[in-house]
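Structural description and commentary
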Amino acid sequence: TETKTISSEKSGQQTYRNDEWGITFNYPNDWVIRQPAFGSTVSLFNFSIEPSFEKKLPDPILVNITPKEWIVNALKKMENRGVVTIDVSVAGFDALKIEDQDMGIPSVSYLILINDSYWIDFSAKKDYEETLNQVLASLVITPIEVSVSD
């Protein structure tokens, strides 16, 4: 996976670009990308965006790309628990916003379905929601074709 991070002292932001998945966004200069964030047989690609100056919660912001059917099943389980999804737009794409718990910690997620084949999930612990919103405000997605077997 080719990824590039470009730092700009003037803006106080770094730019993350991943050509393989067609994702580009800005994040604070004093944060770092940890890739991969976790091992998984389901995740197609994942990483976390973390403050370099503190680590009070695990995976403060997590980006996870998964096959369509896996998220569809997860959404059904959430619905059965009474979790509500809200239709929103992120980077010009229809998305779902979900407020739930991650390891017992309040969190917010934005799920973006790409090419009807895979989801990009941007999630954050509520304490880091403001930074997640900054990331999403600069997010550019160039959809790619992915062959995903169920």
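Right, let's walk through the structure included here. (Residues numbered from 1 in each chain as written. Predicted model: local features only at pLDDT ≥ 70, side-chain atom pairs only at ≥ 80, totals over all residues. Heavy atoms only, no water.)

**Things to note about the overall build of the protein**
For the record, the criterion: Numbered from the N terminus, helices here are DSSP runs of H or I no shorter than four residues, and strands are runs of E no shorter than two. C-alpha atoms define the radius of gyration in this analysis, and the globule rule sets the expected value at 2.2 Å times the number of residues to the power 0.38. Throughout, exposure labels follow a simple rule: accessible area from a 1.4 Å probe, protein chains only, divided by the maximum for the residue type, with under 20% read as buried, over 50% as exposed, and the rest as partly exposed. Note on contacts: a residue pair is in contact if any heavy atoms of the two residues lie within 4.5 Å. Values of accessible area rely on a 1.4 Å probe in the Shrake-Rupley scheme; residue burial ignores everything except the protein chains shown. For the purpose of counting charges, residues Lys and Arg are taken to be positive, whereas Asp and Glu are taken to be negative. His and the chain ends are not included. The atoms used to mark charge sites are NZ of Lys, CZ of Arg, CG of Asp and CD of Glu.
Of the regular secondary structure elements, the protein holds 2 helices and 11 strands. By the compact-globule yardstick of 15 Å for 150 residues, the protein fits well, its C-alpha radius of gyration being 15 Å. Across its three principal directions, the C-alpha atoms of the protein cover 45 × 35 × 30 Å. Across the 150 residues that make up the protein, the buried fraction comes to 45%. In the protein, the share of contacts with a sequence separation of at least 24, taken over all contacts with a separation of at least 6, comes to 39%. Carbon and sulfur atoms form 49% of the exposed surface of the protein, whose accessible area is close to 8000 Å². Treating the 13 positive side-chain charges of the protein as one cloud and the 22 negative ones as another, the clouds have centres 2 Å apart.

**Observations concerning the pattern of salt bridges**
Put simply, the test is: Salt bridges are defined by distance alone: a side-chain nitrogen of Lys or Arg within 4 Å of a carboxyl oxygen of Asp or Glu.
Under the counting rule described, the total for this entry stands at 8 salt bridges. The partner of Asp 59 in a salt bridge is Arg 34, and the shortest N-O contact between them spans 2.7 Å. In this pair, Asp 59 sits in the loop between strand E5 (45-51) and strand E6 (61-67) while Arg 34 sits in strand E4 (residues 31-34), placing the two residues 25 residues apart along the sequence. The exposure class of Arg 34 is partly exposed, given its relative accessible area of 29%. Between Glu 99 and Lys 126 there is a salt bridge, with its nearest N and O atoms 3.2 Å apart. Taken together, the residues Glu 99 in strand E8 (residues 93-102) and Lys 126 in the loop between strand E10 (118-125) and helix H2 (129-138) connect sequence positions 27 residues apart. Here Lys 126 falls in the partly exposed class, since its relative accessible area comes to 30%. One continuous salt-bridge network, built from bridges that share partners, spans Lys 97, Glu 99, Lys 126 and Glu 129.

**With respect to the nonpolar core**
This is how it is decided: Throughout this description, the term nonpolar core refers to a set of buried Ala, Val, Leu, Ile, Met, Phe, Trp, Tyr and Cys residues connected via side-chain atoms within 4.5 Å.
With 32 residues, the main nonpolar core has Phe 25, Ile 49, Ile 112, Ile 120, Phe 122 and Leu 139 as its most contacted residues. Going through the elements one at a time, strand E3 (23-28), E5, E6, E8, strand E9 (105-114), E10 and H2 are the ones with two or more residues in this core. The residues contacting Phe 122, other than those within four sequence positions of it, are Ile 23, Phe 25, Leu 62, Val 63, Val 108, Ser 109, Tyr 110, Ile 112, Leu 132, Val 135, Leu 136 and Leu 139. Within the second largest apolar cluster, 9 residues are counted, among which are Ile 71, Ala 74, Leu 111 and Trp 119.

**Quick notes on the environment of Leu 136**
You can see Leu 136 is positioned in helix H2. For the pair formed by Leu 136 and Phe 122, sequence separation is 14 residues and the distance between their alpha carbons is 8.3 Å. In contact with Leu 136, not counting residues within four places along its chain, are Val 90, Tyr 110 and Phe 122.

**Here's the deal with the environment of Ile 65**
Residue position: Ile 65 is located in strand E6. The exposure class assigned to Ile 65 is buried, which follows from its relative accessible area of 0%. Considered as a pair, Ile 65 and Ala 124 are 59 residues apart in the sequence and their alpha carbons are 15 Å apart. Those residues in contact with Ile 65, other than ones at most four positions away along the chain, are Trp 21, Ile 23, Ser 43, Leu 44, Phe 45, Tyr 118, Trp 119 and Ile 120.

**Remarks on the side chain of Asp 59**
Convention followed: A 3.5 Å cut-off defines polar contacts: any pair of N or O atoms within that distance qualifies, except that in protein one atom must be a possible hydrogen donor and the other a possible acceptor, and neighbouring residues in sequence count only when both atoms are side-chain atoms.
The class of Asp 59 is buried, set by a relative accessible area of 17%. A polar atom in the side chain of Asp 59 sits 2.7 Å from the side chain of Arg 34. In this structure Asp 59 touches Arg 34, Ala 37, Ser 48, Glu 50 and Lys 125, once residues within four positions along its chain are discounted.

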